[in-house]
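Chain by chain, the residues run as shown.
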Amino acid sequence: LKIKITHEKQTTGEVHGGLQLEPQWGCLFRGLEGPRWCLEAHTYIPICCQALPLPHQGSYVFKLQSTKTTKPWMTMVRICIRIMKQTIGRRGGELVGQAWLPLLNHFGTTPIPLTLVLSREGTQITDTLLLAASWEYPVPDTAHSVGRLSLSDLCLQGTTAPVDAMVSVLRFVGRSTEAEGS
């Protein structure tokens, strides 16, 4: 799949752009090769990012506030956790792998323990990320549009190297679909 993305940030803070998807039929494609295909891509923008050294005991809380123009939180927000090797004197080295949390409607106010298998394109990974997550919406004593995501007790199993968890909270902003021969 060849992907071409263009974007332009306006002075109003809005981002506009385009997404072009072009299938490249080759030996790595595991679907049906031929004239009929449909591709869909979802576009997200980061709301916030936080680096946490692993293991991370205790909780880290993300307060999220929606606007009048966004749909309900449960389907609009995704959380990606990328595990990065620490390099001497700084953070943010080589990518070990990444995992996505389930949608927010999977969680309640009681933390749910999760075991997430890391993935990385082109590499087989056996490392797993352990954590507990909870979601509260709306948060009591706040504006009705505020939610609270809590992540606790993050731990990586399978590697002994010092690593960081880069937690990215992403908001869905659009979808692009291309099809041929349908």
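The shown structure was predicted, so the numbers you read here are calculated from the model rather than taken from an experiment.

S.K.: How should the pairing of strand E9 (residues 146-157) be read in this particular structure?
M.R.: In summary, the side chains of a regular strand alternate between the two faces of the sheet. Across 8 bridges, strand E4 (residues 56-65) lies against E9 in antiparallel orientation. Each residue of the ladder has a partner; that of Leu64, found in E9, is Gly147. As paired strands, strand E8 (residues 128-136) and E9 are joined by 8 bridges and run antiparallel to one another. When the sheet's bridge partners are listed, Glu136 is paired in E9 with Arg148.

S.K.: Please explain the pattern of salt bridges as it appears in this structure.
M.R.: Once their charged atoms are close, side chains differing in charge can pair, the charge on each being opposite to the other. Tallied over the full model, the rule gives 2 salt bridges. Of the charged contacts, one joins Glu94 and Arg120 as a salt bridge, the two residues approaching to 3.5 Å between their closest N and O atoms. Note that Glu94 is positioned in the loop between strand E5 (77-85) and strand E6 (95-100) and Arg120 in the loop between strand E7 (112-117) and E8, a separation of 26 residues in sequence. A relative accessible area of 43% places Glu94 in the partly exposed class. Measuring nitrogen to oxygen at the nearest pair gives 2.7 Å for the salt bridge that ties Glu136 to Arg148. Here the residue Glu136 occupies a position in strand E8, and Arg148 occupies one in strand E9, the gap between them amounting to 12 residues.

S.K.: What is the right way to read the packing of aromatic side chains from this model?
M.R.: The description of an aromatic ring pair uses the distance of the two centres, along with the angle that the planes make with each other. Scanning all chains against the criterion turns up 3 aromatic pairs. Between the aromatic rings of Tyr60 and Phe62, the centroid separation amounts to 4.9 Å while the plane-to-plane angle is 65°, which identifies the pairing as edge-to-face. Pairing Trp135 with Tyr137 gives two aromatic rings, centres 6.1 Å apart and planes at 10°, and the pair type is stacked. Using a relative accessible area of 32% as the deciding quantity, one classes Tyr137 as partly exposed.

S.K.: Mind showing me how you'd approach the sheet that holds E7 here?
M.R.: Strand pairing in a sheet is mediated by backbone hydrogen bonds. Such pairs are either parallel or antiparallel. The strand order across the open sheet built from 4 strands is E4-E9-E8-E7, with neighbouring strands paired in antiparallel fashion. Here the strands that pair on one side only, and so sit at the sheet edges, are E4 and E7. Taking the axes of each pair of neighbouring strands and ignoring which way they run, one obtains an average angle of 30° across the sheet. With 6 bridges connecting them, E7 and E8 associate as antiparallel partners.

Definitions and cut-offs
- Residues numbered from 1 in each chain as written.
- Predicted model: local features only at pLDDT ≥ 70, side-chain atom pairs only at ≥ 80, totals over all residues.
- Heavy atoms only, no water.
- Pairing = 2+ DSSP bridges.
- Helix = DSSP H or I, 4+ residues; strand = E, 2+ residues; numbered from the N terminus.
- Salt bridge = Lys/Arg side-chain N within 4 Å of Asp/Glu carboxyl O.
- Buried < 20%, exposed > 50% of the residue type's maximum accessible area, 1.4 Å probe, protein only.
- Phe/Tyr/Trp six-rings, centres within 6.5 Å; stacked < 30°, edge-to-face > 60°.
- Axes fitted to C-alpha atoms, helices over the stretch in contact; angles between N-to-C directions.

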